[in-house]
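Here is how the chains run, residue by residue.
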Amino acid sequence: MTASTPTTTPEQTIADARERIDALDDRIIGLIQERVAVSAVVQETRIASGGRRVNLSRENEILGRYRDALGKPGTSLAMTLLELSRGRI
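Described in the following lines is the structure provided in the data block.

Conventions adopted
- Residues numbered from 1 in each chain as written.
- Predicted model: local features only at pLDDT ≥ 70, side-chain atom pairs only at ≥ 80, totals over all residues.
- Heavy atoms only, no water.
- Helix = DSSP H or I, 4+ residues; strand = E, 2+ residues; numbered from the N terminus.
- Rg over C-alpha atoms; globule rule 2.2 N^0.38 Å.
- Buried < 20%, exposed > 50% of the residue type's maximum accessible area, 1.4 Å probe, protein only.
- Contact = heavy atoms within 4.5 Å.

Looking now at the overall build of the protein chain. On a plain count of helices and strands, the protein chain comes out with three helices and zero strands. Overall, the protein chain shows an N-to-C arrangement of helices and strands of α-α-α. Rg of the C-alpha trace for the protein chain: 21 Å, well past the compact-globule value of 12 Å for 89 residues, more than 25% over. Projected onto the principal axes, the alpha-carbon positions of the protein chain cover approximately 80 × 25 × 20 Å. A total of 89 residues make up the protein chain; the buried ones form 15% of that total.

Set out below in structure tokens:
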């Protein structure tokens, strides 16, 4: 007798992958919410100590980091994260 290997259908493979994507999206959303909260602490502390609401050099570092890691779309992603964290300037 030979052992049979269970095979999955393309539909099941897609369903499983989508389930994993949904779980990853939930984690990403949670991390973004955490990032926004931490950023609010930084911003409030900076303003309370007489600083500016936005630190452009820091934002440029973040933009560069995302661009280096993800290419041009990373810049757009970073801009969206910055907007969520500080609002429109």
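Next comes the rest of the description.
In this section: the environment of Arg52. Mapped onto the fold, Arg52 is located in the loop between helix H1 (10-48) and helix H2 (56-70). Sequence spacing of Arg52 and Pro10 is 42 residues, and the spatial spacing of their C-alpha atoms is 54 Å. Look past the residues within four positions of Arg52 in its chain and what remains in contact with it is Arg46 and Ile47.

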